[in-house]
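Structural characterization, general
Letter by letter, the chains look like this.
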Amino acid sequence: MTSDRPFADAALGRKQLVILIAIAAMLAGTVTGLTAKKAIWEGWVTDQLFQVRAILRGPQEAAASPVAVIGLDQTSLDSERLSSLPRVLMTPVLAEAGQAILDAGAVALGFDFVFAYSADTFVDPSSGEKRLLDYDQPFKRFLFKNRGRIFVAHTEVGVPHRSFSGAAGAGGVRSVQVVPDSDGVVRWHTPGVPLSNSDYLIDALLGAAGSIVSESFMPIPENRLATSLPYLSLIDVLALSESDEGKAELERFVKDRIVLIGGLLPFEDEHRFSDRFLPHLPAGLAETGASGRPPVPLLDTAGVLVLAEFISAELAGRTASEPSAGSLPALAFLFAIAGGMAGLFLPLAALPFVALVGVGAGLAIALLGLDFGIMLAPGVMPVSCVSAMVVASVGKVGILQRRQRTLVRLFGHYLAKDVIKQMAQSEQLPELGGDTRHVVVAFIDIVGFTKMSEKLADQDVVRVVNACFDAIGQSITAHQGYIDKYIGDAIMAVWNAPNIVERPEQSAVDAAVEIIGLLEKIRDITGQQELDLRIALNAGPVLVGDIGGEHRRSFTVMGTTVNTASRIEAVAKDKKVRLAISQSVADHLPRTYPVKEIWTGQLRGLSTDISVYTLDEPEMFMELVGPAIEGRGKSGRSKLLKFRRKN
């Protein structure tokens, strides 16, 4: 009973295994790719895509923005008018600036400040007197007068003083919280629906501008916000509001725009935003007031600018949203198919280049999607492709090629390994017939087998024959020969088929000499001292290929060359030599080989005379009564070894 362990995967053909590996690779690639969505590194890739997009587009003047920013920056705080005024006491100034902005035609105004304290409630600790009573009245009147157009901020930890909340009215206080991705970078905003009831300041200002948005969106920034959004310092607004010319200039700046007022002081209310890798817009291309802009932080962005970008991008149609359901899995599956096919059918050395192409193609599609307002998670397609390719290539190496090596190793005992490899790769039988090729054919016969088999039990006969064939077969294989078949007590071997042998005649003769040199060892192993060997070699064209039918076939060589080799064995028997070679073999041997003619005549079945040769060495003769050959005797073996070493 034979074990089926080596054939554990043989129940499935190669095609079925390829299909299974392909399916596994595609599923694994698709699932792995989809898990890359929202991965912590994917945001970095997204921001890099924005950078690549900006580089490809080149420097461009910022389009007219529907949002402007008024900043309480260091320039304003250092100005003569505001330098002596504590920030907590700036509500009258903010009311003055805010009213000037609304009067200049702004659509709505948002304060990115949490007015948590009212100066009206401050008490002199020494006297208990409310010295600043009614100090905030101008700001409260301003809020009350412009209800519905003004919104003030609250955060998770800070809310406006109740007097300001009351003056702003219901819906006048909105959250300025923004939600970062897993890597701490702000990219997405999910609006509340309807916008008028949303808790977010972004939604309130979008609603005031007439926008209708209900899905999460991502702004597509084109430059660093600190260099591109329309910007005025607070002190510039106050200065412009003091003259008619200034008011006209202020109107040109804020008319029909949403305006946000917030702080732009270093390290205050800064966020990591997706504009962090983008180029700076040259100063002459952006709308800026007389006081200029604050310095641009290295990577962070002021919170008021982030709020402004969300509003500006949505109103300008410069946003991207999630793709429709099913489109991302479909793209992941397509990339998994491509990666799986590459892993299965391309050489391993080519896979790193294919991986680079897959990654590049995935990123290119994600980049193209931005132009259509779709944010295709950039990590999904590359990860799908590479994952599927890895699974497929591992399956190919670990299963298919292992299975192929197993088949070659197992069936190589019965067929030529080159033939097995071809069949394992193609999953098809070779065509019946074959090609004509120049080969050397050898017939190696065990002499005295009949007498030996009469004396031994059947099992001992098999043991002796197997021992002989094993030793002979190792020499044949070592010299690039192929054992075509076993014919009773004889071996038929071929050189230069199915493999290619550079000098088949010399390789065949060297193998024959080595086999004859093993004769004493074979006798010792088998215990049969009378055992001998006879080898006949012939070279010429033969038909190499499969013969038989669809149900039973054999790889072999056929032709006159084979028949002639068989006839030469009869000459070897008659001349009592262990090695007989035809002239076609002798003519291709180096001159150092001691070739000697032993017979000339016409072989049975042939119409022309041929010459048969042997090597002029004692080991080639079975009896000392053979042809008189100089140097035969004890020195003969050393001569044989000498010429073999030389060649």
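Structure: see above.
The paragraphs below set out a description of the structure included in this document.

Cut-offs used in this document
- Counting of residues starts from 1 at the beginning of each chain's written sequence and follows it residue by residue.
- Predicted model: local features are reported for residues with pLDDT of at least 70 only, side-chain atom pairs are reported and counted for 80 or more only, and whole-chain, interface and lining totals are derived from all residues.
- Where side-chain values are given, they derive from all heavy atoms of the structure, hydrogens and water being excluded.
- Going along the chain from the N terminus, every DSSP run of H or I of four or more residues is numbered as a helix, and every run of E of two or more is numbered as a strand.
- Buried means the residue's accessible area, taken with a 1.4 Å probe over protein chains only, is under 20% of the maximum for its type, while exposed means over 50%, and partly exposed covers the values in between.
- Pairs of residues are marked as contacts when any of their non-hydrogen atoms sit within 4.5 Å.
- Only the protein chains shown count as cover for residues, and the accessible areas themselves come from Shrake-Rupley with a 1.4 Å probe.
- For two strands to count as paired, DSSP must find a minimum of two bridges between them.
- The criterion is simple. A nonpolar core is a set of buried Ala, Val, Leu, Ile, Met, Phe, Trp, Tyr and Cys residues joined through side-chain atoms within 4.5 Å.
- With axes taken as lines fitted to C-alpha atoms, and helix axes fitted only over the stretch in contact, angles between N-to-C directions fall between 0 and 180 degrees.
- Polar contacts here mean pairs of N or O atoms no more than 3.5 Å apart (in protein, one a potential hydrogen donor and the other a potential acceptor; neighbouring residues in sequence count only if both atoms are side-chain atoms).
- Of all possible arcs, the one meant is that of the directions from the helix axis to the C-beta atoms.
- Salt bridges are defined as contacts in which a side-chain nitrogen from Lys or Arg sits within 4 Å of a carboxyl oxygen from Asp or Glu.

**Quick notes on the overall build of the chain**
Helices and strands together make up the secondary structure of the chain, namely 22 helices and 19 strands. Expressed as a percentage of the 647 residues in the chain, the buried residues total 50%. Of all intrachain contacts in the chain linking residues separated by at least 6 positions in sequence, the fraction that spans at least 24 positions is 75%. Element-wise, carbon and sulfur atoms account for 57% of the exposed surface of the chain, whose accessible area totals about 31,400 Å².

**Quick notes on the environment of threonine 477**
Along the chain, the position of threonine 477 falls in helix α17 (residues 458–478). When the C-alpha atoms of threonine 477 and alanine 511 are compared, they prove to be 8.7 Å apart, with 34 residues separating the residues in sequence.

**Quick word on the pairing of strand β1 (residues 67–72)**
With 6 of 6 residues buried, β1 lies mostly within the body of the structure. By the bridge criterion, 6 bridges tie β1 to strand β8 (residues 258–263) in an arrangement that is parallel. Paired with leucine 72 across the bridge in β8 is glycine 263.

**Points about the nonpolar core**
The biggest cluster of nonpolar side chains holds 52 residues, and the ones touching the most others in it are Ile476, Val509, Leu537, Leu579 and Ile581. Ranked by residues supplied to this core, first place goes to α17 with 8 residues. Those residues within four positions of isoleucine 581 in sequence are excluded, and the remaining contacts are Val509, Leu537, Ala586, Leu589, Ser611, Val612, Tyr613 and Thr614.

**A short note on the sheet that holds strand β5 (residues 185–186)**
Strand order in the open sheet formed by 3 strands is β5-β9-β10, and the pairing between neighbours is mixed. Strands with a single pairing partner mark the edges of an open sheet, and in this sheet they are β5 and β10 (300–302). As paired strands, β5 and strand β9 (residues 270–273) are joined by 2 bridges and run parallel to one another. Looking across to β9, one finds that valine 186 is bridged to phenylalanine 273. Running over the sheet, helix α11 (residues 303–315) touches β5, β9 and β10 and is turned about 80° from β10.

**Some details on the side chain of aspartate 510**
Assignment of secondary structure puts aspartate 510 in helix α18 (residues 504–517). Side chain to side chain, aspartate 510 and tyrosine 593 meet in a polar contact 2.5 Å long.

**A short note on the sheet that holds β1**
On the basis of which strands lie adjacent, the open sheet formed by 6 strands has the order β4-β3-β2-β8-β1-β7 and parallel pairing. Where the open sheet ends on each side, the last strands, each with one partner, are β4 (173–175) and β7 (231–233). Between one strand axis and the next, the sheet turns by 25° as a mean value, whatever way the strands run. Where strand β2 (residues 108–111) meets strand β3 (residues 150–154), 2 bridges bridge the pair, whose relative direction is parallel. Bridge pairing in β3 links glycine 110 to phenylalanine 151. Here helix α7 (residues 201–208) sits on the sheet and contacts β2, β3, β4 and β8; the angle it forms with β2, its principal contact strand, is near 170°. Contacting β1, β7 and β8, helix α10 (residues 244–254) runs over the sheet at an angle of about 140° to β7.

**Details of helix α19 (residues 519–526)**
Taken residue by residue, α19 has Leu519, Ile522, Arg523 and Thr526 as its buried positions. Axial view of α19: buried residues confined to an arc of 100°, hence all on one face. Facing away from the buried side of α19 by over 90 degrees, the exposed positions are Lys521 and Asp524. Positive phi appears at glycine 527, one or two residues downstream of α19, with a value of about 75°.

**Details of the pattern of salt bridges**
Scanning all chains against the criterion turns up 26 salt bridges. The salt bridge involving lysine 37 is made with glutamate 322; its shortest N-O contact spans 3.4 Å. Placement of lysine 37 in the loop between α1 (14–35) and α2 (42–57) and of glutamate 322 in the loop between β11 (319–321) and α12 (327–345) is noted, with a sequence separation of 285 residues between them. Judged by relative accessible area, lysine 37 falls into the partly exposed class, the value being 33%. Accessibility expressed as a relative area gives 32% for glutamate 322, which makes it partly exposed. With a shortest N-O distance of 3.8 Å, glutamate 322 and lysine 38 are connected by a salt bridge. Of this pair, glutamate 322 sits in the loop between β11 and α12 while lysine 38 is found in the loop between α1 and α2, placing the two residues 284 residues apart along the sequence. Accessibility expressed as a relative area gives 43% for lysine 38, which makes it partly exposed.

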